[in-house]
Amino acid sequence: MNVLVYSGSLTSPPSLSHTLSTLRTVLLPNYAVQPVAPQSLAVHPWTATCSLLVFPSFLPDASPASALPPAAASEVRKYVERGGRVLFLGASVRTRASRPRTSLARELARVSLAESDEGILTLSDEQSKLTFTVLPNKTSGSDIVGEPATPEFPDEKTVSGLLRAPGSGIDLAEVSTVTENPVVLAKYKQSEGLPAVAGVKATIGEGLATFWNAHLEYSPREEIAASILTAKSNFTQEDLTKAEEGRISILRKTLSELGLIVPEQAGIIARPTPQVFTSAPWRHGIARRILKELEAPDLAALGENGYELKDSNDTFIIHPASSASAVFAVSPDDRYPNQDPATWNPKHIVLYDDGEVPPREFMPRFDLKTFYAALKEARKTHGRPEEYPNDGWGIGEALLYGDVVTSTQTLFEKNTRLMTSLPTPLVSLTSSQLAGRGRGGNIWLSPPGCLQFSILLRAPFSALPPQKVVFAQYLVALAVVEACRDEGVLGVHGAAVRIKWPNDIYVVVPETGEMKKVCGILVNTSFGAGKVDLIAGCGLNVLNPPPIMSLAQLVPPGSERLPTKEGTLAAIVTRFEAMWATFLAARGSFEPFMDLYLDRWLHSDQLVTLTTVSPPRKVRIVGITPEYGLLRTTPERDARGGGARGGEEYIDLQPDGNSFDIMAGLIKTKT
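Heads up: these notes are all about the structure in this document. Keep in mind the model is a prediction, meaning the values are calculated, not measured.

What counts as what
Residues numbered from 1 in each chain as written. Predicted model: local features only at pLDDT ≥ 70, side-chain atom pairs only at ≥ 80, totals over all residues. Heavy atoms only, no water. Helix = DSSP H or I, 4+ residues; strand = E, 2+ residues; numbered from the N terminus. Polar contact = N/O pair within 3.5 Å; in protein donor to acceptor, adjacent residues only side chain to side chain. Axes fitted to C-alpha atoms, helices over the stretch in contact; angles between N-to-C directions. Parallel < 35°, antiparallel > 145°, perpendicular 65-115°, else oblique. Left-handed = near helix turned anticlockwise from the far one by under 90°. Contact = heavy atoms within 4.5 Å. Phe/Tyr/Trp six-rings, centres within 6.5 Å; stacked < 30°, edge-to-face > 60°. Buried < 20%, exposed > 50% of the residue type's maximum accessible area, 1.4 Å probe, protein only. Salt bridge = Lys/Arg side-chain N within 4 Å of Asp/Glu carboxyl O. Disulfide = S-S within 2.5 Å. Pairing = 2+ DSSP bridges. Expected span 1.5 Å × (residues − 1). Nonpolar A, V, L, I, M, F, W, Y, C, P; charged D, E, K, R; others polar.

1. Some remarks on the environment of threonine 512
Point 1. Among the secondary structure elements, threonine 512 is positioned in the loop between strand S23 (504-508) and strand S24 (515-528).
Point 2. Polar side-chain contacts of threonine 512 include one of 3.2 Å to the backbone nitrogen of glutamate 514.

2. Comments concerning the packing of helix H14 (residues 471-484) against helix H15 (residues 565-585)
Point 1. The contact between H14 and H15 brings their axes to 8 Å, and the two run at 140°. By the angle class used here, H14 and H15 are oblique. The two elements H14 and H15 cross, and the hand of that crossing is right-handed. Mapping the contact onto sequence places Phe471, Ala472, Leu475, Val476, Leu478, Ala479, Val480, Glu482 and Ala483 in H14 and Ala571, Ile572, Arg575, Phe576, Met579, Trp580 and Phe583 in H15.

3. Examining unusual backbone geometry
Point 1. The amide bond that connects tryptophan 501 to the next residue, proline 502, takes the cis arrangement and shows omega of 0°.
Point 2. Of note, proline 502 is situated in the loop between strand S22 (497-500) and S23.
Point 3. Residue proline 615 is reached from serine 614 by a cis peptide bond, and omega for that bond is -5°.
Point 4. Tracing the sequence through the fold places proline 615 in the loop between strand S26 (607-610) and strand S27 (617-624).
Point 5. For asparagine 390, which is not glycine, the phi torsion reads 60° and is therefore positive.

4. Let's talk about the packing of aromatic side chains
Point 1. This model, assessed by the stated rule, comprises 23 aromatic pairs.
Point 2. Seen from their ring centres, phenylalanine 366 and tyrosine 401 are 5.7 Å apart, and the 25° between their planes marks the pair as stacked. You can see phenylalanine 366 sitting in the loop between strand S18 (347-351) and helix H11 (368-381) and its partner tyrosine 401 sitting in strand S19 (residues 398-405), a full 35 residues away along the chain. Just as phenylalanine 366 is buried, tyrosine 401 falls in that class too.
Point 3. Centre to centre, the rings of phenylalanine 471 and phenylalanine 590 are 5.1 Å apart; their planes meet at 15°, and the pair counts as stacked. With a gap of 119 residues between them, phenylalanine 471 in helix H14 and phenylalanine 590 in the loop between H15 and helix H16 (591-600) connect regions that are remote in the sequence.

5. Observations concerning the pattern of salt bridges
Point 1. By the definition in use, this model includes 25 salt bridges.
Point 2. Across the salt bridge formed by glutamate 126 and lysine 129, the nearest N and O atoms sit 3.8 Å from each other.
Point 3. Note on lysine 129: relative accessible area 31%, which makes it partly exposed.
Point 4. Between arginine 600 and aspartate 599 there is a salt bridge, with its nearest N and O atoms 2.6 Å apart.
Point 5. In this structure arginine 600 comes out as buried when scored by relative accessible area, which is 12%.
Point 6. Via salt bridges that share partners, Arg283, Arg379, Arg384, Glu397 and Glu577 belong to a single interconnected network.

6. Considerations on the state of the cysteines
Point 1. Applying the stated rule across the entire model yields zero disulfides.
Point 2. Free of any disulfide, cysteine 484 has its nearest cysteine sulfur in cysteine 519, 8.0 Å distant.

7. Focus: the environment of valine 350
Point 1. Along the chain, valine 350 turns up in strand S18.
Point 2. Note on valine 350: relative accessible area 0%, which makes it buried.
Point 3. A C-alpha to C-alpha distance of 9.0 Å links valine 350 and glycine 306, two positions 44 residues apart in sequence.
Point 4. Discounting chain neighbours no more than four positions away, the residues touching valine 350 are Gln275, Val276, Phe277, His319, Pro320, Ala321, Ala324, Val327 and Phe328.

8. Details of the pairing of strand S13 (residues 197-204)
Point 1. Judged by how many residues are buried, S13 sits mostly within the fold: six of eight residues are covered.
Point 2. Pairing of strand S12 (residues 183-188) with S13, which is carried by four bridges, proceeds in the antiparallel orientation. Of the residues in S13, the one forming a bridge with valine 183 is lysine 201.
Point 3. Of the pairings in the sheet, the one linking S13 to strand S14 (residues 207-212) comprises six bridges and is antiparallel in character. What sits directly across from isoleucine 204, in S14, is glycine 207.
Point 4. Following S13, the chain reverses through two residues before pairing antiparallel with S14; glycine 205 in that reversal takes a positive phi of roughly 60°.

9. Points about the side chain of arginine 379
Point 1. Among the secondary structure elements, arginine 379 is positioned in helix H11.
Point 2. For arginine 379, a relative accessible area of 5% gives the class buried.
Point 3. In contact with arginine 379, not counting residues within four places along its chain, are Trp282, Arg283, Arg384, Pro385, Tyr388, Gly394, Ile395, Glu397, Thr574 and Glu577.

10. Notes on H14
For the α-helix, the turn length of 3.6 residues means that residues three or four positions removed from each other point alike.
Point 1. If you check H14, its first and last C-alpha atoms are 20 Å apart, about what 14 residues at 1.5 Å a residue would give, namely 20 Å.
Point 2. Judged by how many residues are buried, H14 sits mostly within the fold: 14 of 14 residues are covered.

11. Describing the packing of H14 against H16
Point 1. Taken N-terminus to C-terminus, the directions of H14 and H16 make an angle of 65°; their axes are 10 Å apart at the nearest point. At the point where H14 passes H16, the crossing takes the left-handed sense. The segment H14 lies against H16, with Tyr474, Leu475, Leu478, Val481 and Glu482 engaging Phe593, Leu596, Tyr597 and Arg600.
Point 2. For the contact of H14 with H16, the class distribution of residues is seven nonpolar, no polar and two charged.

12. As for the sheet that holds strand S25 (residues 531-541)
Point 1. The strand order across the open sheet formed by eleven strands is S16-S17-S18-S15-S19-S20-S21-S25-S24-S23-S22, and the pairing between neighbours is mixed. Unpaired on one side and paired on the other, strand S16 (307-310) and S22 mark the two borders of the sheet. Between one strand and the next, the sheet's axes are offset by a mean angle of 25°, whatever the strand orientation.
Point 2. Summarising the sheet, strand S15 (residues 275-279) and S19 pair through five bridges and their orientation is antiparallel. Residue pairing for S19: serine 279 is matched across the bridge by alanine 398.
Point 3. In the packing of helix H8 (residues 286-293) onto the sheet, contacts are made with S15, strand S17 (315-320), S18 and S19, and the angle to S15 comes to roughly 120°.

See below:
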């Protein structure tokens with residue numbers, strides 16, 4: 001599920017940035033925290049997958065109609081009144097007791113009220129007859145971000161070191177009686193002529209809204225808040241640390257009361273760990289081959305300080321295995337003291353050659369010996385070759401692993417020298433990603449128990465024409481689904497794992513029939529010099545506990561055997577290697593896999609609404625076009641016989657640029 005953060009043009013940029021980072025720190029891995037634009041709120045079906053909509057502070061004196069356009073405001077009101085949850089940070093709010101209105105005039109009255117209040121958004125609750133209007137903040141001298149404030153809670157506890165929206169507050173003066181709705185969460189100890197209420201929670205129809213005038217998004221230990229607090233309130237570093245603990249506690253409680261499941265551990269910002277390169281025990285010389293292709297010194301000549309390789313995005317230090325203890329002895333926090341990922345350089349890689357593997361203490365969350373044993377068995381079962389032309393190797397037999405990395409995908413994609421020079425196939429694997437990539441720039445969550453890897457591949461145009469590359473993502477999805485049916489993964493329970501077009505994997509929960517996502521797939525490509533470099537990325541939930549769905553939850557309670565990340569990866573790469581070889585031999589034709597793919601996906605004969613045309617149309621899914629991998633649909637006939645003409649009319653949709661909301665039965669433009 002998503003937590004959406006409003007990102008309109010008049011949203012305060014620092015408030016937006018800090019809201020995104022704070023919520024991700026508190027809510028990952030349980031929720032994907034994503035920015036959402038006004039246009040998306042107005043025209044796209046976002047409500048079904050939204051657990052919470054969050055509004056950062058707006059710029060001072062923002063024009064209401066520009067801050068939140070009327071069409072978007074209307075959708076927000078409907079979302080909340082029908083049971084949605086919304087949170088405002090650094091907000092100026094006026095609460096009024098409204099007079100009863102006739103149903104005929106209710107909507108017009110609500111619109112006119114918002115306009116007369118000059119409010120950005122007005123939410124109304126029919127039962128309590130209250131309206132809550134979010135107003136533009138006013139500037140207060142030079143402090144347009146915030147002023148030091150100390151909220152006091154009903155239990156008389158206080159949290160010093162927060163900021164309040166300047167020159168504003170939450171005005172309850174016109175509410176004659178305050179009973180169960182709204183609930184005052186905190187008041188400022190000193191308000192100096194401004195409204196004293198710091199936070200309030202209100203029932204809006206079937207939904208909930210929480211308004212905080214306090215800036216819960218700003219950490220007292222970081223800029224912008226740190227400078228204001230130390231200059232105006234003489235805060236020490238110890239004071240700021242205590243204030244940060246209070247801020248996170250308030251935010252966690254607020255989110256829980258809005259119905260979110262907040263992870264027990266939060267606020268820990270990890271750093272990248274060194275990576276290790278290893279190869280299968282039965283393959284020799286791969287590390288030396290990699291050094292040669294990178295024009296780096298031989299293993300024996302790397303020396304204690306290693307070899308520095310500067311690439312387009314990162315700098316790498318390549319070390320021999322003899323330096324591993326010294327490399328791993330430096331803690332990630334000491335190596336990268338700054339929280340800014342742009343400063344996390346250089347990154348360190350330790351090379352192990354000829355079947356050597358590092359000690360388990362260097363990689364405690366993935367057992368390389370177990371993986372290579374499972375890979376050897378899977379390759380034997382599926383008849384993979386023992387030898388390859390030009391001293392090559394199979395997928396999974398050359399592996400780069402880091403316990404914590406920024407992203408396995410961007411490691412290759414943003415470093416041109418690595419992507420174009422490294423010999424292939426090469427698998428990059430991690431147990432935790434700090435900036436995982438999803439389709440369309442989405443963040444891919446990195447929860448414990450998730451198998452996260454990318455495969456670097458290379459193919460000449462003679463084997464894979466450019467127009468056929470689109471099928472690669474379908475091939476990866478099919479390999480994942482088939483691997484789940486292997487006895488070493490889920491066996492018969494793997495039948496519940498299905499493909500959602502274009503590049504997701506869902507499970508159909510046996511007891512309820514509910515569909516839940518367990519995997520996302522992303523394929524990036526780079527064309528040049530008669531070849532294509534592909535990076536096939538995959539994040540598969542294998543062992544995650546609830547509320548995140550995973551493969552392990554498909555195994556009945558009491559079963560002796562659960563899937564492992566090591567065995568699942570071995571099954572996937574072996575299945576994919578066999579499919580990839582067939583795919584290239586057929587010059588990129590998907591025909592050898594089409595029947596199996598359509599048998600494994602969720603969409604055969606599915607009736608959906610296509611919102612990419614105006615007006616939206618009901619269409620029925622009939623398959624994938626064999627030439628270009630488009631989703632083929634045909635308009636549904638209406639009661640008068642309209643729609644498809646004898647099966648001759650098709651509407652074909654590209655996988656890039658379109659998104660399939662399977663819960664709502666909608667195909668929409670990807671945002």
